[in-house]
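Okay, here's what each chain looks like letter by letter:
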Amino acid sequence: MKVTITGAAGFLGQKLARRILKEPVLTDENGVPQEITCLTLLDMVAPADDIASDARVSTLLGDLTDPMLLQTAISYDTDAIFHLAAVVSAGAEEDFDLGMSVNLDATRMMLEIARAHGNAPKFVFASSAAAFGGDMPDVIEDMTAPTPTTSYGTQKVIGELLVTDYSRKGYVDGRALRFPTVVVRPGKPNKAASTFASSIIREPLNGDPAICPVERDAAMWLSSPRTIVENTIRAHNAPGADWGPSRAVSLPGFRATVGDMVDSLQRVAGGGVVQRITWQPDPFIQRIVSGWPGSFQTDKAERLGMIRDENMETVIRAFIEDERGGGFVQ
């Protein structure tokens with residue numbers, strides 16, 4: 001079985017690659033488990049050495065909007081595509097043309113390449129809870145109409161519709177996953193409006209100061225990296241017939257305010273760690289975050305076998321275990 005991951009050098013891309021290499025079996029279009037023999041990783045930079053050095057891995061470096069590069073990444077016998085690459089929320093809002101080129105045009109090119117090959121590969125598209133915004137109900141249900149209020153959210157919704165339509169036509173076997181905000185991410189902050197949600201946990205645990213740009217009562221729909229990777233695999237393996245007319249689904253998560261997140265950090269790590277957080281509201285970030293939904297009803301995802309985290313404390317403890325070797329700076 002041949003698999004391609006875009007955004008493969010990113011945080012989630014590398015976690016997904018490691019999971020696939022560790023457990024190298026995915027189901028085919030008939031639900032039959034198949035061994036993964038070739039994993040193509042596409043990004044602007046190379047993944048970590050432990051991933052790139054695996055004999056099953058082929059690494060491609062370059063711009064996602066390059067048609068020739070995409071043709072190489074998606075060969076005629078590619079069985080599954082995990083499309084994670086994107087210009088993140090604040091970046092897409094600041095640079096409209098870049099967001100449209102990467103988040104929309106490149107997605108369409110990938111779908112067209114798969115269509116031309118005629119083998120209907122599984123196509124797992126990373127969408128976002130930013131598909132919803134504005135005047136929303138208290139709880140987003142499976143049939144709630146997307147109402148994006150950012151360029152990033154709009155680009156993701158269009159991608160969802162394309163994945164559904166290309167699946168309806170039999171060109172791909174698509175699955176569009178609306179990711180919750182993923183916490184806690186390791187590494188450095190990026191241009192995502194949600195980057196602070198990891199920074200206010202990660203930096204204090206590392207012994208560094210952190211700035212929180214939103215108010216304590218800002219609510220977010222959250223999921224851990226462990227659970228996101230698990231649900232991405234489960235979404236791939238769920239039979240296409242079980243998805244129904246729409247190939248889009250909101251992934252399970254849990255609701256927490258920023259204040260809840262900080263309180264959870266204090267319970268896990270203590271008051272001295274929390275004191276490293278400075279509250280400094282940023283109207284630009286606050287406006288984006290306040291336009292996101294805070295709660296979802298995810299019946300469809302759960303019917304498809306997807307799971308959720310217990311609470312923020314378990315997420316923080318998982319980060320300490322996975323990324324900090326079980327300890328933190330007091």
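Above this note sits the structure.
Residues numbered from 1 in each chain as written. Predicted model: local features only at pLDDT ≥ 70, side-chain atom pairs only at ≥ 80, totals over all residues. Heavy atoms only, no water.

Asks: Is there a simple way to explain the side chain of Ser128 in this structure?
Replies: Structurally, the position occupied by Ser128 is in strand E7 (residues 122-128). Owing to a relative accessible area of 11%, Ser128 belongs among the buried residues under this scheme. In this structure the side chain of Ser128 is engaged in a polar contact, spanning 2.9 Å, whose partner is the backbone nitrogen of Ala130. For Ser128, the residues in contact, after removing those within four places along its chain, are Tyr152, Lys156, Leu177, Arg178 and Phe179. (Helix = DSSP H or I, 4+ residues; strand = E, 2+ residues; numbered from the N terminus. Buried < 20%, exposed > 50% of the residue type's maximum accessible area, 1.4 Å probe, protein only. Polar contact = N/O pair within 3.5 Å; in protein donor to acceptor, adjacent residues only side chain to side chain. Contact = heavy atoms within 4.5 Å.)

Asks: I'm lost on the packing of aromatic side chains in this one. Help?
Replies: Ring pairs (aromatic) are described by centroid distance and by the angle formed between their planes. This structure, assessed with the given rule, holds 3 aromatic pairs. With a centroid separation of 5.7 Å and 70° between ring planes, the pair formed by Phe132 and Phe296 is classed as edge-to-face. Taken together, the positions of Phe132 in the loop between E7 and helix H6 (151-168) and Phe296 in the loop between helix H11 (283-290) and helix H12 (299-303) put the pair 164 residues apart, joining distant regions of the chain. Here Phe132 falls in the buried class, since its relative accessible area comes to 1%. An angle of 40° between the planes, with centres 5.3 Å apart, marks the rings of Trp221 and Phe296 as tilted. (Phe/Tyr/Trp six-rings, centres within 6.5 Å; stacked < 30°, edge-to-face > 60°.)

Asks: Just to check I follow, could you spell out empty space enclosed by the protein for this structure?
Replies: Summary: where empty space remains is shown by rolling a probe the size of a single water molecule over the atoms. Scanning the model with the defined rule gives 1 cavity of 30 Å³ or more in all. Of the voids in this model, the largest cavity is the one considered here, and its volume is about 40 Å³. Lining the largest cavity, in full, are Leu12, Leu16, Leu84, Phe179, Ile228, Val229 and Thr232. At the level of elements, helix H1 (11-22) and helix H8 (225-237) are the ones that each hand at least two residues to the lining of the largest cavity. Considering each element in turn, the lining of the largest cavity owes the most residues, 3 residues, to H8. The residue makeup of the lining of the largest cavity, split by class, is 6 nonpolar, 1 polar and no charged. (1 Å grid on protein atoms, 1.4 Å probe; cavity = no way out; pocket = protein on both sides within 12 Å on 5 of 7 lines; lining within 4 Å. Points joined across faces, edges and corners; volume = space filled by probe spheres on them. Nonpolar A, V, L, I, M, F, W, Y, C, P; charged D, E, K, R; others polar.)

Asks: How should I be thinking about helix H9 (residues 258-269) in this particular structure?
Replies: With 12 residues, H9 extends 16 Å between its outermost C-alpha atoms, agreeing within 8% with the 16 Å of an ideal straight helix rising 1.5 Å per residue. Among the residues of H9, those classed as buried are Val258, Gly259, Met261, Val262, Ser264, Leu265, Val268 and Ala269. Remark: Gly270 follows H9 within two positions and exhibits a positive phi of approximately 105°. (Expected span 1.5 Å × (residues − 1).)

Asks: Sorry if this is basic, but what is going on with helix H13 (residues 312-323) here?
Replies: At 3.6 residues per turn, the α-helix brings residues three or four places apart onto the same side. Taking 1.5 Å of rise per residue, 12 residues should cover 16 Å, and H13 covers 16 Å from first to last C-alpha, within 8% of that figure. The complete set of buried residues in H13 reads Met312, Val315, Ile316, Ala318, Phe319 and Ile320. Where H13 is buried, its residues touch helix H7 (195-206), strand E11 (219-223), H8, strand E13 (254-257) and H9. Regarding H13, its N-cap is Asn311, as a side-chain oxygen of that residue lies 3.2 Å from the backbone nitrogen of Glu313 further along. Looking one or two residues past H13, Gly325 carries a phi angle of roughly 65°, positive in sign.

Asks: Even after reading the chapter, I still don't get the side chain of Thr27, so can you show me in this structure?
Replies: Relative to the assigned elements, Thr27 resides in strand E2 (residues 25-27). Contacts of Thr27, omitting those with residues within four sequence positions, involve Met1, Val32, Pro33, Lys122, His236 and Asn237.

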